[in-house]
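Summary of the model geometry
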Amino acid sequence: MNQQLAEREHQIEPPPDGRRATRWRGAVGGVLAALAGLAAGSVAAGLLGTSQTPVVAIGSAFIDRVPPWLKELAISWFGTNDKTALRAGILIVLLALAAVGGILAVRRYWAGALIVVVLGGVAVAAAMTRADSGQTGFVPSAVAGLTALGVLRLYSSRLEPLFRYPDDGVSRRGFLQLSAGVAIGSAAIGALGRVIGGNRAAVADARNGLSIPMPPSLAPPAGVQVEGGVPWATPNEDFYRIDTALAVPQIMPSDWKLRIHGMVANELNLSFDDLLKRKVLHKWVTLTCVSNEVGGDLIGNALWTGVLLKDLLEEAGPSKDADAIQSTSKDGFTAGTPLSTLLDNRQAMLAFAMNGEPLPVEHGFPVRIVVPGLYGYVSATKWLVDIEVTRFDQFEAYWTPRGWSELGPIKLSSRIDVPLGKKVTVGPTTVAGVAWDQHVGVSKVEVRVDGGPWQQTTLAADASIDTWRQWHWTWDAPRGTHILQVRALDAQGTPQVEASAPPAPDGSTGLHTISVKVD
Ligand SMILES: Nc1nc2c(c(=O)[nH]1)N[C@H]1C(S)=C(S)[C@@H](COP(=O)(O)O)O[C@H]1N2
Ligand SMILES: [Mo]
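The paragraphs below set out a description of the structure included in this document. Small disclaimer: the values here were computed from a predicted structure and weren't measured. (Residues numbered from 1 in each chain as written. Chains lettered and ligands numbered in written order. Predicted model: local features only at pLDDT ≥ 70, side-chain atom pairs only at ≥ 80, totals over all residues. Heavy atoms only, no water.)

Focus: the pairing of strand 3 (residues 281-288)
Along strand 3, 7 of the 8 residues are buried, which leaves the element largely enclosed by surrounding structure. Bridge analysis of strand 3 against strand 4 (residues 299-308) gives 8 bridges, and the strand direction is antiparallel. Opposite Leu-287, over in strand 4, you have Gly-300 as the bridge partner. (Buried < 20%, exposed > 50% of the residue type's maximum accessible area, 1.4 Å probe, protein only. Helix = DSSP H or I, 4+ residues; strand = E, 2+ residues; numbered from the N terminus. Pairing = 2+ DSSP bridges.)

Here's what the structure looks like:
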């Protein structure tokens with residue numbers, strides 16, 4: 001017995017496969033330490049009522065810093081799933097680095113701990129840069145880091161002897177017991193975090209329970225819909241979503257307050273109930289994202305319900321020198337909008353309902369801005385909490401220093417929706433789509449085949465110049481593969497720009513071009 005022990009003491013370097021097995025265990029320990037940290041972080045976030053879990057904090061700070069081309073790439077790769085992809089990506093990187101930390105910690109705890117401290121530090125720093133994280137937003141990340149450090153310490157002390165004596169059964173069992181304990185504990189704590197972070201559920205309940213003035217009818221105006229075309233009214237669940245919010249802000253209507261201030265004679269402070277007591281309007285408006293590529297689907301048309309911004313601003317009494325508002329959302333996003341577009345007759349509004357139901361949470365619940373004729377990034381602030389009447393030379397809104405134009409009027413554009421992806425046979429074929437030039441209006445849409453002459457299409461009825469307009473054309477399709485192109489002309493008869501331009505800095509141009517195979 002004694003002799004065996006003495007022999008062991010001499011065995012400084014373990015056999016290679018034993019080392020490998022121990023490293024492997026170290027990696028498992030590192031990953032479990034990180035998961036335990038994330039679970040603890042989610043409980044802390046739930047208790048503090050903040051959305052800033054470590055992954056959300058890192059992701060949000062990342063979104064704030066990505067260059068425009070990467071943002072566009074993410075949207076084109078993942079579409080509306082770009083947020084899920086980002087969360088998954090961050091998680092994978094975190095866990096991979098934690099695994100490395102775990103391997104290092106087997107022999108040198110401090111080396112593994114250093115990795116955890118850096119990861120935790122990055123999350124804490126990220127949370128502190130976020131406008132919506134408040135005083136306590138960094139706490140979940142700090143709790144996560146400290147928890148991970150503690151768990152890593154336990155692993156390090158369990159695995160270190162195994163590294164020396166690979167066949168030490170007691171230490172092996174210890175590793176298994178520790179891992180099972182950490183895994184089960186993390187799962188339980190993570191579940192607890194989800195229960196505590198239930199303001200999501202509370203907001204969903206409040207939204208379901210709201211009674212707000214509703215439009216008399218949800219039916220689209222007569223004649224606007226071309227048969228077989230995309231729905232003229234976009235259902236809420238199909239409406240594109242674009243924003244910088246990795247965790248959707250959760251605002252109880254009872255907590256909502258809007259301050260209208262700055263260069264005004266009378267500062268206004270409104271609660272949600274104050275808003276409901278005002279004169280309400282219902283208006284179809286087509287919203288478009290500046291990131292929409294030619295032929296893209298970052299556009300939707302809805303019946304918005306809300307109050308006129310003009311009325312509120314006039315009540316506040318803007319100074320003659322003011323030329324803009326800076327609107328701010330709960331999560332710190334800002335938009336800069338020309339005051340003139342809010343005071344003219346286009347009926348810019350504070351919207352609280354979309355297609356006859358309270359705004360979906362991801363579309364800005366409880367209140368957002370909708371301005372006909374402007375891209376979303378310069379106008380359509382969701383989760384709105386603040387409006388400052390100001391001057392463009394006094395501020396820069398969120399996207400301006402990130403390479404996007406300060407002003408964002410929507411560009412005249414058109415899209416072919418039919419017969420995209422359908423089987424086409426020789427003979428009469430319906431070609432159809434949409435065209436838009438919000439607050440200017442579309443007067444004509446033309447189509448051409450294989451670069452031939454422009455052909456006049458039939459326009460569907462126009463609801464107003466603030467919505468998209470459907471069109472259709474019957475094509476006597478000959479056999480073979482053909483190129484179809486579309487162009488719209490605005491209310492003055494000016495055709496849309498044919499030269500291709502990317503979305504940045506102020507919206508894409510070019511003709512939507514599709515290839516159709518006719519059998
Ligand atoms: N708070 C907030 N509001 C926002 C944004 C954002 O990132 N944060 N994005 C804007 C952009 S770029 C667009 S195109 C529209 C999209 O609105 P939707 O997601 O309801 O379609 O919201 C605008 N409002
Ligand atoms: Mo956008």
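From this point, things continue past the structure.
Here's the deal with the site of ligand 1
Taken together, the neighbourhood of ligand 1 is formed by 19 residues, with Tyr-240, Thr-244, His-363, Arg-368 and Lys-382 sitting nearest. The contact in question runs from a nitrogen atom of ligand 1 to an N or O atom on the side chain of Ser-329, over 3.1 Å. Interatomic distance of 2.5 Å between a side-chain N/O atom of Lys-382 and an oxygen atom of ligand 1. When ligand 1 is considered free in solution it has 530 Å² of accessible area, and contact with the protein chains removes 99% of it. Residues of the shell around ligand 1, tallied by class, amount to 9 nonpolar, 5 polar and 5 charged. (Near = heavy atom within 4 Å. Polar contact = N/O pair within 3.5 Å; in protein donor to acceptor, adjacent residues only side chain to side chain. Areas by Shrake-Rupley, 256 points an atom, 1.4 Å probe, with all protein chains shown as cover. Nonpolar A, V, L, I, M, F, W, Y, C, P; charged D, E, K, R; others polar.)

Things to note about the side chain of Arg-25
Relative to the assigned elements, Arg-25 resides in helix 2 (residues 16-48). Taking the relative accessible area as the measure of exposure, Arg-25 reaches 15% and is therefore buried. With sequence-adjacent residues up to four places away left out, Arg-25 is seen in contact with Leu-159, Leu-162, Arg-172 and Phe-175. (Contact = heavy atoms within 4.5 Å.)

A word on the pattern of salt bridges
As enumerated under the stated definition, the model contains 17 salt bridges in all. Put simply, Asp-243 and Lys-382 hold a salt bridge, and the shortest N to O gap is 2.9 Å. Note that Asp-243 is positioned in the loop between helix 9 (199-209) and strand 1 (257-262) and Lys-382 in the loop between strand 9 (368-370) and strand 10 (384-390), a separation of 139 residues in sequence. In this structure, Asp-243 and Lys-382 share a single accessibility class: buried. Notably, a salt bridge pairs Asp-462 with Arg-469, separated by 3.6 Å at the nearest N-O pair. A relative accessible area of 34% means that Asp-462 is categorised as partly exposed. (Salt bridge = Lys/Arg side-chain N within 4 Å of Asp/Glu carboxyl O.)

Considering the side chain of Asp-437
Mapped onto the fold, Asp-437 is located in the loop between strand 12 (427-436) and strand 13 (442-449). For Asp-437, which is buried and forms no salt bridge, the nearest opposite charge comes from Arg-346, at a distance of 9.6 Å. Those residues in contact with Asp-437, other than ones at most four positions away along the chain, are Ile-410, Lys-411, Leu-412, Val-442, Ile-465 and Asp-490. (Lys, Arg positive; Asp, Glu negative; His and termini not counted.)

What about the nonpolar core?
In terms of nonpolar packing, the biggest core is built from 88 residues, with Ile-260, Leu-275, Trp-304, Leu-350 and Ile-387 touching the most fellow members. Setting aside its immediate chain neighbours within four residues, Ile-260 contacts Glu-267, Leu-268, Leu-270, Leu-312, Leu-313, Ala-316 and Ile-387. In this structure, Val-431, Trp-471, Ala-488 and Val-518 belong to the second largest nonpolar core, which totals 19 residues. (Core = buried A, V, L, I, M, F, W, Y, C linked by side-chain atoms within 4.5 Å.)

Description of the environment of Val-195
Take Val-195: it is sitting in helix 8 (residues 169-196). Taking the C-alpha atoms as reference points, Val-195 and His-512, separated by 317 residues in sequence, lie 48 Å from one another.

Side note on the packing of aromatic side chains
Tallied over the entire structure, the rule returns 11 aromatic pairs. Here Phe-239 and Trp-304 contribute two aromatic rings whose centre-to-centre distance is 6.0 Å and whose plane-to-plane angle is 85 degrees, an arrangement assigned as edge-to-face. With Phe-239 in the loop between helix 9 and strand 1 and Trp-304 in strand 4, this residue pair connects regions lying 65 residues apart in the sequence. Accessibility expressed as a relative area gives 5% for Phe-239, which makes it buried. Where Trp-399 meets Trp-404, the ring centres are 6.5 Å apart and the plane angle is 75 degrees; that geometry is what we call edge-to-face. For Trp-399, a relative accessible area of 9% gives the class buried. Taking the relative accessible area as the measure of exposure, Trp-404 reaches 3% and is therefore buried. What links up through ring pairs into an aromatic cluster is the set Phe-333, Tyr-377, Tyr-398, Trp-399 and Trp-404. (Phe/Tyr/Trp six-rings, centres within 6.5 Å; stacked < 30°, edge-to-face > 60°.)

Some words on unusual backbone geometry
Backbone torsion omega between Phe-365 and Pro-366 reads 5 degrees, so that peptide bond is classified as cis. Within the secondary structure, Pro-366 sits in the loop between strand 8 (357-358) and strand 9. The backbone of Gln-347 sits at a positive phi, close to 65 degrees, despite the residue not being glycine. Examined against the element boundaries, Gln-347 turns out to sit in the loop between helix 12 (339-343) and strand 7 (349-354). Within the chain, His-439 stands out as a residue other than glycine whose phi angle is a positive 65 degrees. Inspection of the secondary structure puts His-439 in the loop between strand 12 and strand 13.

Notes on the sheet that holds strand 18 (residues 513-518)
Strand pairing in a sheet relies on backbone hydrogen bonds. The paired strands run either parallel or antiparallel. Taken together, the 4 strands give an open sheet; going across it, the order is 14-13-17-18, and neighbouring strands pair in antiparallel fashion. The open sheet has two edge strands, strand 14 (455-456) and strand 18, and neither has a second partner. Bridge analysis of strand 13 against strand 17 (residues 480-490) gives 7 bridges, and the strand direction is antiparallel. The residue bridging Val-449 from the neighbouring strand is Leu-484, located in strand 17.

Looking at the sheet that holds strand 12
Pairing within the open sheet is antiparallel, and its 4 strands lie in the order 11-12-16-15. The open sheet is flanked by strand 11 (413-418) and strand 15 (458-459), the only strands paired with a single partner. Taken together, the 2 bridges between strand 15 and strand 16 (residues 469-477) define a ladder with antiparallel strand orientation. Residue pairing in the sheet places Thr-458 in a bridge with His-472 of strand 16.

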